[in-house]
2 protein chains.
Amino acid sequence: MNDAVDLLMTQWARERPDLDVWPMGIMGRISRLSRLLDRELKEFFAPHGLERWEFDVLATLRRSGPPYELTAGALNKAAMVTSGAITNRIDRMAARGLVERIPDSGDRRSVLVRLTERGLALVDEVLEPHVANEARLLASLDPRERDHLAAALRSLLASLGDTTLG
Amino acid sequence: MNDAVDLLMTQWARERPDLDVWPMGIMGRISRLSRLLDRELKEFFAPHGLERWEFDVLATLRRSGPPYELTAGALNKAAMVTSGAITNRIDRMAARGLVERIPDSGDRRSVLVRLTERGLALVDEVLEPHVANEARLLASLDPRERDHLAAALRSLLASLGDTTLG
DNA sequence: GTTGATAATCTCAACGTTGAAATAACAGCA
DNA sequence: TGCTGTTATTTCAACGTTGAGATTATCAAC
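Under an unreviewed UniProt entry, the name given to chain A is MarR family transcriptional regulator, and the source organism is Microbispora bryophytorum.

In structure tokens form, the structure reads like this:
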């Protein structure tokens, strides 16, 4: 089965036969997959009244365990966005009552962001169907392929230095 | 070697042992890789005076072959963005003299976007080092791993219906 | 205890995308 | 020829992020 990147590479082979564009076979696919999958997740979360970035923040706090709080800095590293973006996200989510800002008694420069009861209930309600939806999107891979794919991606991520969540 | 997604999945295993979150091992990695690689490409193009989206448009036109022109619609499908984004991109690139708008004599609703000499020269100058930079980013994978990874990603992309460039 | 360097967050203007509405042109057909 | 439905592009306000600077707090060394 061919995909859009095969077509793209065929075009390069014709136009620039002097170049071996093999890296595009991986880079191009990661980029296109990321866009396609983002769209799917957006569609999934919309009926739940959530933006994807909101779910990401909720999930990051949820999986950190009780008391479901992290500093703003930890959140922005986990989300791979800038500090300005996290301030903005926390503002909006606090306005919706999903998280609350708590002063960090240990370090007054820091702000702790804590899941409210409402935020906790929402993420726990959405989590299982979300994972099921992700499984649906990956259903074309059999279990062996999944493991190999995850392993290859892990090795690439680690080689690029992505070894901590913040 | 572990990566950030291993940590994330460990947290879920502790907090929600009832759920098998295996899909995150693939979805999370594609998402994080896409961000990391985007940053790297941005850094690569900056010294060449190019934004990543500019290079994408130039490359799409270049690989389509002489006369290096495509409709605005073909460009927005290839770039996976909306029509509004493409109008904006063409405006800016035309202002920089990298592309020009040509009326489509066959269909007056369409606009053909054509690489200028300057745009052609620029993309041909940047292409080889760009591919070399991509190869550097993927250098941790040996040739067999590359092929397997590309094949798994192709199969996933194709299963999601990404089989044409526009 | 003051100084200087570092760190965490917030602020805000610039940027680019989205999504929907507007405009213009095509195609088929009565 | 005149309708009707569809397609291609542009327009534009709303949205969220970036990137840099401002603010406030910490820490180590003097």
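After that view, the rundown keeps rolling.
### Brief notes about the overall build of chain A
A count of helical and extended segments in chain A gives seven helices and three strands. Counting from the amino terminus, chain A carries its helices and strands in the arrangement α-α-α-β-α-α-β-β-α-α. What you see for chain A is a C-alpha radius of gyration of 20 Å, clearly larger than the 15 Å of a compact globule of 166 residues, by over 25%. Counting only C-alpha atoms and orienting by the principal axes, one finds that chain A spans roughly 60 × 35 × 25 Å. The buried share of chain A, taken over its 166 residues, is 46%. If you sum the accessible surface of chain A, you get close to 8,000 Å²; carbon and sulfur atoms cover 50% of it. Between the mean site of the 23 positive side-chain charges and the mean site of the 25 negative ones, chain A shows a separation of 4 Å.

### Description of the protein's contact with DNA strand D
The environment of DNA strand D is made up of 22 residues, and the closest members are Thr82, Arg89 and Arg92 of chain A together with Gly73 and Arg109 of chain B. Interatomic distance of 2.9 Å between a backbone N/O atom of Thr82 of chain A and a phosphate oxygen of DNA strand D. In this structure, a phosphate oxygen belonging to DNA strand D sits 3.0 Å away from a main-chain N or O atom of Arg108 of chain A. Where the surface near DNA strand D is concerned, the elements lending two or more residues are helix 5 (83-95) of chain A together with helix 4 (72-79) and helix 5 (83-95) of chain B. The leading source of residues in the surface near DNA strand D is helix 5 of chain A, at five residues. Of the residues assigned to the surface near DNA strand D, the class counts are five nonpolar, nine polar and eight charged.

### Description of helix 7 (residues 143-159) of chain A
Spanning 17 residues, helix 7 of chain A covers 24 Å between terminal C-alpha atoms, matching the ideal 24 Å at 1.5 Å per step. Taken together, the buried positions of helix 7 of chain A are Leu149, Ala150, Ala152, Leu153, Leu156, Leu157 and Ala158 of chain A. Packing partners of the buried residues in helix 7 of chain A comprise helix 2 (24-45) of chain A together with helix 1 (4-15), helix 2 (22-45), helix 6 (117-137) and helix 7 (143-159) of chain B. The N-cap of helix 7 of chain A, judged by a side-chain oxygen 3.1 Å from the amide nitrogen of Arg144 of chain A a few residues on, is Asp142 of chain A. Among the residues trailing helix 7 of chain A, Gly161 of chain A stands out with phi positive, at a value near 90°.

### Observations concerning the nonpolar core
Counting 98 residues, the largest nonpolar core has Leu58 and Leu149 of chain A together with Leu58, Val99 and Leu149 of chain B as the members making the most contacts within it. Excluding anything up to four places from it in sequence, Leu149 of chain B contacts Ile26, Leu149, Ala152, Leu153 and Leu156 of chain A together with Leu141 of chain B.

### Remarks on the sheet that holds strand 2 (residues 99-103) of chain A
Residues and elements named next belong to chain A. On the basis of which strands lie adjacent, the open sheet formed by three strands has the order 1-3-2 and antiparallel pairing. Looking at the sheet topology across the chains shown, the edges are occupied by strand 1 (69-71) and strand 2. Here the average twist between neighbouring strands, direction ignored, is 30°. Examined bridge by bridge, strand 2 and strand 3 (residues 111-115) share five bridges and lie antiparallel to one another. When the sheet's bridge partners are listed, Val99 is paired in strand 3 with Leu115. Packed onto the sheet, helix 5 meets strand 2 and strand 3 and runs at close to 115° relative to strand 2.

Thresholds applied
Residues numbered from 1 in each chain as written. Chains lettered and ligands numbered in written order. Predicted model: local features only at pLDDT ≥ 70, side-chain atom pairs only at ≥ 80, totals over all residues. Heavy atoms only, no water. Helix = DSSP H or I, 4+ residues; strand = E, 2+ residues; numbered from the N terminus. Rg over C-alpha atoms; globule rule 2.2 N^0.38 Å. Buried < 20%, exposed > 50% of the residue type's maximum accessible area, 1.4 Å probe, protein only. Areas by Shrake-Rupley, 256 points an atom, 1.4 Å probe, with all protein chains shown as cover. Lys, Arg positive; Asp, Glu negative; His and termini not counted. Charge placed at Lys NZ, Arg CZ, Asp CG, Glu CD. Near = heavy atom within 4 Å. Polar contact = N/O pair within 3.5 Å; in protein donor to acceptor, adjacent residues only side chain to side chain. Nonpolar A, V, L, I, M, F, W, Y, C, P; charged D, E, K, R; others polar. Expected span 1.5 Å × (residues − 1). Contact = heavy atoms within 4.5 Å. Core = buried A, V, L, I, M, F, W, Y, C linked by side-chain atoms within 4.5 Å. Pairing = 2+ DSSP bridges. Axes fitted to C-alpha atoms, helices over the stretch in contact; angles between N-to-C directions.

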